[in-house]
Structures are given as structure tokens and as C-alpha cells.
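Close look at the chain arrangement
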Amino acid sequence: MKVLVLGAGNVGRAIAWDLRDEFDVHVADLSDDRLRAVSGFATPFKLDASRFDKLVEAMKGFELVIGALPGRFGYSSIKAAIKAGVDMVDVSFTPENPLELREEAENAQVTVIFDAGFAPGLSHILMGRIWNELDDMSEGYIYVGGLPKEPRPPLYYRITWSPKDLIEEYTRPARVIRGGEVTAVDPLSEIKTVEIEDFTFEAFPSDGLRSLLESVRVERLEEWTLRWPGHLEKMKVLKELGFFKEEHVDKTLEVITPLMTYDSPDFSVMKVVGIEPGRTISYTLYDEEREFTSMARVTGYTASAIARLVAEGSCIFGVIPPEILGMRIDTFRRILDDLEERGIRPRREENASPGDS
């Protein structure tokens with residue numbers, strides 16, 4: 001099967017490398033440097049993803065497309081895949097709602113799994129499994145972070161993905177469910193301490209629930225993103241001073257990106273919790289950098305596990321959120337087996353605490 005990976009960044013490289021022995025993998029990107037980095041295990045070619053017609057034409061030569069582009073390209077890439085009549089697995093954090101394309105995908109007999117990365121992605125798969133196991137879930141919490149093992153001042157964070165998408169986490173209102181109703185909160189208006197796996201983090205509400213807001217209706221449902229202590233207050237000051245406004249953000253990134261670009265192994269941590277009266281189920285994951293950065297591993301390998309399911313026809317036509325794969329025990333087990341083979345092992349616990357102090 002010919003597979004096209006859109007994007008040769010950290011995540012795209014990990015996906016292509018993981019699928020190299022099973023598929024005829026091609027990788028598209030605009031950067032010659034990034035394309036050279038994948039040339040040893042995939043067929044690289046240059047493509048401008050912002051040109052919709054060219055994207056559709058390129059996709060027609062493949063049986064499966066995996067999107068690993070920045071969020072601003074995600075929705076148009078999904079539309080292009082549907083127009084080209086090719087199945088797609090996408091990890092981009094697109095601001096638009098891919099479920100709006102459900103009818104188009106069904107009519108084209110195309111399968112699209114969106115938000116198929118780490119969070120959203122694996123977080124939703126685990127929450128979907130918990131939701132299926134509990135009889136009367138009333139609360140759900142996702143705690144997730146990708147962090148340097150050796151954080152450096154002044155920002156105590158290392159960028160391993162799109163800098164613009166990072167800033168958007170601090171500016172996009174975080175949709176949560178409180179009192180059974182969907183509401184939006186300023187992501188930096190609530191900062192709390194969270195303890196997971198013997199670490200102490202700061203956490204802020206982030207807009208990662210997305211499709212879970214519709215598929216898992218409970219009294220309280222929240223995603224909290226984790227950072228090392230000291231980072232969030234500085235981001236809050238920059239935001240309050242207007243440095244994250246659209247007209248200023250490029251200049252801001254010129255200044256702060258070098259402060260978050262340095263050598264340090266990274267790690268990823270996640271805790272997904274579901275609560276019903278008298279019973280709690282949680283999954284906890286810790287992963288360290290190995291052949292790729294940890295964030296590339298947990299994001300890319302989740303996407304490649306889902307891609308294998310789509311390639312073999314295990315998913316119905318339409319636009320499908322990742323939690324559906326967790327609610328189905330067969331697809332849930334397949335994904336976790338794939339991840340375990342790669343050293344990514346979520347640990348299940350019952351009657352565990354929610355994880356915040």
C-alpha cells in the first residue's frame with residue numbers, strides 16, 4: 001500500500017520511520033532539509049500544502065494519507081483527502097471542527113480519523129475506554145504534558161513542535177464541561193499544582209477535549225496541560241501585555257523561541273481519569289526520548305497504530321473521533337498492543353485518586 005505522510009517534521013519523521021517496513025511510504029514537505037532527513041527510509045517529494053488543488057492531485061496517487069502538518073493546514077488537508085477519495089489519519093490540532101465534514105466523507109466512502117496524536121488522540125482513546133467501562137461516569141480529567149528533563153530558565157520549557165501552535169494553547173479559550181454544560185475559560189486564568197509519577201507540575205486548562213465535549217456528556221470534564229513550575233506565570237504576563245496578539249506574535253516568537261530551543265532529552269506524561277460514585281478508573285503513561293523525541297514517539301506512534309487499522313479496513317466510512325476507537329474493545333487493544341511493542345505502556349489503575357493536589 002502506498003502511504004503519503006504530509007509533513008517531515010519531528011512527528012512526520014517518526015510516523016514514516018514506524019511504517020517503513022510495512023508500506024511504501026512517501027513523505028511530502030516544502031523544506032529540503034526536512035526531506036533529506038527522511039530520505040533514508042521513505043521517498044521524499046516537495047509539496048506546498050497551502051495549494052489545495054496541488055494537494056488533492058498529489059493525494060490521488062495514494063491509498064492512505066497521514067497528516068502531520070501544523071494546525072492551520074489540518075482542515076484543508078482533510079477536505080483535500082475527501083475530494084481525492086483517499087482515507088486519512090490526521091494529527092494536526094486544527095481550529096475548525098472536522099466533524100462538519102462527516103457527510104462529505106460518508107458520501108465519498110472515505111474514512112477520516114482526526115485528532116489522532118497524543119492529546120488529543122491517545123488521551124481520547126483512553127477516555128473512551130474508561131467511559132465504556134464505567135456505568136455512571138460523572139467526572140473526567142485529562143492531565144498531559146511534554147517536557148524537557150533538564151529545563152532551563154527563564155521559561156523552563158523546550159519546544160518540540162510548532163511554536164505557533166504552542167502559543168495558541170495559551171490564547172484559545174479552553175472548552176470544558178462544568179455543571180453538565182459546555183463552557184469556555186481563559187486558559188491562563190486557572191493555574192494549579194498537579195502531582196503525577198513523583199513529579200510536581202503546574203497545570204492550566206487547555207482546549208483539547210474537542211469531540212469529547214459531544215461524545216462524553218458528564219457533569220465535569222476537563223483537560224489540563226502540564227508545565228514545569230515557573231513557566232506559566234511568565235506566559236501569563238506576556239499574554240496580559242499583548243505579546244500574543246496576532247499582530248505581535250511573530251515578533252514575540254523571534255524572541256522567546258531561542259529561549260525554548262536547547263538540547264535536553266524530553267519526556268511525555270499523561271493521566272486520564274474517570275470517576276463515578278465509589279469508583280475511579282485511570283490510565284497513567286510516562287515515556288522518555290529514545291530514537292525520536294518522546295513527543296514525536298507518543299504522537300507519531302499513536303497515529304501509525306491508527307493508520308494500520310484504517311489501512312486494513314477496520315474503521316467505517318465517515319469522520320471519526322479517536323474516542324470511538326477506545327470505546328471499541330478490539331481497536332482499543334490493537335492500538336495499545338502496537339504502542340506497547342514500542343515501549344509506550346499506559347498503566348491502568350482502579351479506585352485511584354484523580355491526581356491533583
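Residue indices follow the written sequence of each chain, beginning from 1 at its first position. Confidence filtering applies because this is a predicted model: local features only for residues at pLDDT of at least 70, side-chain atom pairs given and counted only at 80 or more, and all residues used for totals across whole chains, interfaces and linings. Computation of side-chain values covers all heavy atoms of the structure but excludes hydrogens and water.

**Some points on the pattern of salt bridges**
The condition that has to hold: A pairing counts as a salt bridge when a side-chain nitrogen of Lys or Arg comes within 4 Å of a carboxyl oxygen of Asp or Glu. Only DSSP runs of H or I covering at least 4 residues are called helices, and only runs of E covering at least 2 are called strands; the numbering of each starts at the N terminus. Here's how the labels work: a residue is buried when its accessible area is under 20% of the maximum for its type, exposed when over 50%, partly exposed in between, all with a 1.4 Å probe on protein chains only.
Taken as a whole and judged by the stated rule, the model has 35 salt bridges. Ionic pairing is found between Arg-178 and Glu-190, a salt bridge with its closest N-O pair at 2.9 Å. Of the two residues, Arg-178 sits in strand β8 (residues 174-178) while Glu-190 sits in the loop between β9 (181-185) and β10 (192-196), which places them 12 residues apart along the sequence. Assessed through its relative accessible area of 25%, Glu-190 is described here as partly exposed. A salt bridge links Asp-330 to Arg-328; the nearest nitrogen and oxygen atoms lie 2.8 Å apart. Judged by its relative accessible area of 30%, Arg-328 falls in the partly exposed class.

**Looking at the UniProt feature "domain: Saccharopine dehydrogenase NADP binding" (unreviewed entry) in the chain**
Applicable threshold: UniProt positions are given in the numbering used here, feature names are shortened, and annotations may be inferred rather than shown by experiment.
UniProt annotation of "domain: Saccharopine dehydrogenase NADP binding" (unreviewed entry) refers to residues 3-113 when read in the numbering used here. Regarding residues 3-113, the helix share stands at 38% and the strand share at 23%, and the terminal C-alpha atoms are separated by 15 Å.

**Overview of helix α11 (residues 294-311)**
Formally: In this analysis, the expected span of each helix is defined as 1.5 Å times one less than the number of residues it contains.
Over its 18 residues, α11 extends 25 Å from the first C-alpha to the last, a length consistent with the 26 Å expected when each residue adds 1.5 Å. By the criterion of burial, α11 is predominantly enclosed, with 17 of the 18 residues buried. The positive-phi residue at the C-terminal boundary of α11 is Gly-313, with phi of around 80°.

**As for the packing of aromatic side chains**
The test is simple: For this analysis, a ring pair means two rings from Phe, Tyr or Trp (six-membered ring only for Trp) whose centres lie within 6.5 Å, classed as stacked if their planes differ by under 30 degrees, edge-to-face if by over 60, and tilted for the remaining angles.
Throughout the structure, instances matching the rule amount to 14 aromatic pairs. Ring geometry for Phe-199 versus Trp-228: centroids 6.0 Å apart, planes at 75°, classification edge-to-face. In this pair, Phe-199 is assigned in strand β11 (residues 199-205) and Trp-228 in the loop between β12 (220-227) and α9 (231-240), connecting sequence segments 29 residues apart. Judged by centre distance (5.4 Å) and plane angle (40°), the ring pair of Phe-201 and Trp-228 falls under tilted.

**A few points about the packing of helix α7 (residues 163-171) against helix α10 (residues 249-256)**
Using the following cut-off: Helix axes are fitted only over the stretch in contact, all axes being lines through C-alpha atoms; the angle between N-to-C directions runs from 0 to 180 degrees. Geometric relationships in this document are graded by angle, where less than 35 degrees denotes roughly parallel, more than 145 denotes roughly antiparallel, 65 to 115 denotes roughly perpendicular, and other angles denote oblique. Here a residue-residue contact requires only that any non-hydrogen atoms of the pair lie within 4.5 Å. Lys, Arg, Asp and Glu make up the charged group, whereas Ala, Val, Leu, Ile, Met, Phe, Trp, Tyr, Cys and Pro make up the nonpolar group; the residues left over, Gly among them, are polar.
Relative orientation of the contacting elements α7 and α10 amounts to 110°, with a least axis distance of 11 Å. With respect to α10, the axis of α7 lies roughly perpendicular. The residues of α10 that touch α7, namely those facing Pro-163, Lys-164 and Ile-167, are Val-249, Asp-250, Leu-253 and Ile-256. Grouping the amino acids of the contact of α7 with α10 by side-chain chemistry returns five nonpolar, no polar and two charged.

**Digging into the pairing of β10**
The two faces of the sheet receive side chains in turn, since in a regular strand these alternate between them. The following threshold applies: A pair of strands is considered paired only if DSSP assigns at least 2 bridges between the two.
The sheet contact formed by β10 and β11 spans five bridges and is antiparallel. Within β11, the residue paired with Ile-196 across the bridge is Phe-199. Where β10 folds back onto β11 in an antiparallel hairpin, the turn is made up of two residues, including Glu-197, whose phi is positive at roughly 50°.

**A short note on unusual backbone geometry**
Geometrically, the link from Ala-119 to Pro-120 is a cis peptide bond, its omega value of 5° lying close to zero. Looking at where Pro-120 falls in the secondary structure, it is placed in the loop between β6 (111-113) and α6 (122-133). Omega for the peptide link from Pro-153 to Pro-154 comes to 10°, which places this bond in the cis form. In this structure, Asp-198 takes a positive phi of about 65° despite not being glycine. Checked against the element boundaries, Asp-198 lands in the loop between β10 and β11. The phi dihedral of Arg-210 falls on the positive side, at around 50°, and the residue is not glycine. Along the chain, Arg-210 falls in the loop between β11 and α8 (212-215). Residue classification places Arg-210 among the buried positions, given a relative accessible area of 9%.

**Some points on the domain arrangement of the chain**
Here is the rule: Segmentation of the chain into domains, including their bounds, is taken from an automatic or database domain assignment. Note: buried area is the sum, over both parts, of the accessible area (probe 1.4 Å) each one loses when the two are combined. Side-chain atoms alone can form a polar contact between residues adjacent in sequence; in general such a contact is a pair of N or O atoms within 3.5 Å, and within protein one must be able to donate a hydrogen while the other accepts it.
Domains assigned within the chain are domain 1 (2-118 + 297-342) and domain 2 (122-293). If you average the C-alpha positions of domain 1 and of domain 2, the two centres end up 23 Å apart. Facing 34 residues of domain 1, the contacting portion of domain 2 comprises 35 residues. Carbon and sulfur atoms make up 61% of the surface buried where domain 1 meets domain 2, a total of about 2,600 Å² over both sides. The tally of links between domain 1 and domain 2 comes to three salt bridges. Close ionic contact of Arg-210 with Asp-115 constitutes a salt bridge, the shortest N to O distance being 2.5 Å. At the boundary of domain 1 with domain 2, the tally comes to 15 residue pairs in polar contact (both at pLDDT 80 or more). Among the secondary structure elements, those contributing two or more residues to the side of domain 1 that touches domain 2 are α1 (10-19), α11, α12 (323-327) and α13 (329-341).

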